[in-house]
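# Residue-level structure breakdown
The lines below spell out each chain.
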Amino acid sequence: MIAGELALATASIFAGAAIYVNVAEQPARLMLDSVALLTEWKLSYRRGFAMQAPLALIATAFGAVAYFGSGDWRWLLGAALSLANWPYTLFGIMPTNRALMAAEAATAGPSVHASVRKWGRLHAVRSGLGLAAAAVFLWALH
């Protein structure tokens, strides 16, 4: 089933990118001074949003197509897990994103490190949702 395979591939790309941020990019950026940290986070956030937001929707759509083609509820569960990244981001992470985007790099202080650390913990949930969606799609394929 091609839709299911595409759902798995897209969810896996999302999960891999999200996990990369948590295990590689986030620890590295936290080593920077406050000005560099905020500057890097803003650039990274814009690029990450442009990539991850559509991936979550595409994985959701492929999961839904696989569900309607097969009637297997696991595709719908994987699609729901993938889609859950959107409301979680909007309601759970967006207040922190907005605060960081509004902060001025030139006047960034120690509170920026605390906010970016908080953002990393919040982002880890997105990694978990992506990994869970990919795992459910893999399960549905077998």
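Our structure is the block above this text.
Fair warning: this is a prediction, and the values are worked out from it, not measured in the lab. Residue numbers run consecutively from 1 along every chain, following the written order of its sequence. For a predicted model such as this one, the threshold for reporting local features is a pLDDT of at least 70, and the threshold for listing and counting side-chain atom pairs is 80 or more; totals across whole chains, interfaces and linings nevertheless cover every residue. Remark: hydrogens and water are excluded; side-chain values derive from all non-hydrogen atoms of the structure.

### Here we look at the packing of aromatic side chains
The rule is short: rings of Phe, Tyr and Trp, with Trp giving its six-membered ring, pair when the centres are within 6.5 Å, and they are stacked under 30 degrees, edge-to-face over 60, tilted in between. Evaluated as defined, the whole model comprises six aromatic pairs. Geometrically, the ring pair formed by Trp73 and Trp139 is edge-to-face, given 5.5 Å between the ring centres and 80° between the ring planes. Note that Trp73 is positioned in helix α3 (residues 73-83) and Trp139 in helix α5 (residues 110-141), a separation of 66 residues in sequence. Here's how the labels work: a residue is buried when its accessible area is under 20% of the maximum for its type, exposed when over 50%, partly exposed in between, all with a 1.4 Å probe on protein chains only. For Trp139, a relative accessible area of 42% gives the class partly exposed. Either the NZ atom of lysine or the CZ atom of arginine qualifies as a charge over a ring when it sits within 6 Å of the ring centre and within 35 degrees of the ring normal. One cation-aromatic arrangement involves Arg74 over Trp139; the distance from NZ or CZ to the ring centre is 4.9 Å. For the purposes of this entry, the term helix denotes a DSSP run of H or I that reaches at least four residues, the term strand denotes a run of E that reaches at least two, and both are numbered from the N terminus.

### A closer look at the pattern of salt bridges
Criterion for a salt bridge: a side-chain nitrogen of Lys or Arg within 4 Å of a carboxyl oxygen of Asp or Glu. Tallied over the full model, the rule gives three salt bridges. Salt-bridge contacts for Glu25 lead to Arg29; the nearest nitrogen and oxygen are separated by 2.3 Å. Residue Glu25 and its partner Arg29 are located together in helix α1 (residues 2-29), separated by four residues, close to a single helical turn. In this structure, Glu25 and Arg29 share a single accessibility class: buried. Among the ionic pairs, Glu40 bridges to Arg29, the shortest N-O distance being 2.6 Å. Placement of the pair is Glu40 in helix α2 (residues 34-70) and Arg29 in helix α1, with a sequence separation of 11 residues. Of the residues examined, Arg29 reaches a relative accessible area of 2% and is grouped as buried. Several salt bridges share partner residues, and in doing so they unite Glu25, Arg29 and Glu40 into one network.

### Some thoughts on the packing of α2 against helix α4 (residues 85-102)
Axes are the key here: two packed helices are described by the angle between their axes and the distance separating the axes. Note on method: axes are straight lines fitted to C-alpha atoms, helices fitted across the in-contact stretch only, with angles between N-to-C directions ranging 0 to 180 degrees. The contact between α2 and α4 brings their axes to 12 Å, and the two run at 165°. Judged on the interaxial angle alone, α4 and α2 are roughly antiparallel. Along this stretch, α2 crosses α4, giving a crossing that reads as left-handed. For the pair α2 and α4, contact is made by Leu38, Trp41, Lys42, Tyr45, Arg46, Ala53, Ala56 and Leu57 and by Asn85, Trp86, Met94, Asn97, Leu100 and Met101, respectively. Only Asp, Glu, Lys and Arg are considered charged in this grouping, and only Ala, Val, Leu, Ile, Met, Phe, Trp, Tyr, Cys and Pro are considered nonpolar; every other residue, Gly among them, is considered polar. A class-by-class count of the residues in the contact of α2 with α4 yields 10 nonpolar, two polar and two charged. Angles are sorted into four bins: roughly parallel if under 35 degrees, roughly antiparallel if over 145, roughly perpendicular if 65 to 115, and oblique for all others. When the near helix sits turned anticlockwise from the far one by under a right angle, the crossing is termed left-handed; a clockwise turn instead gives a right-handed crossing. In this analysis, two residues are considered to be in contact whenever any of their non-hydrogen atoms come within 4.5 Å of each other.

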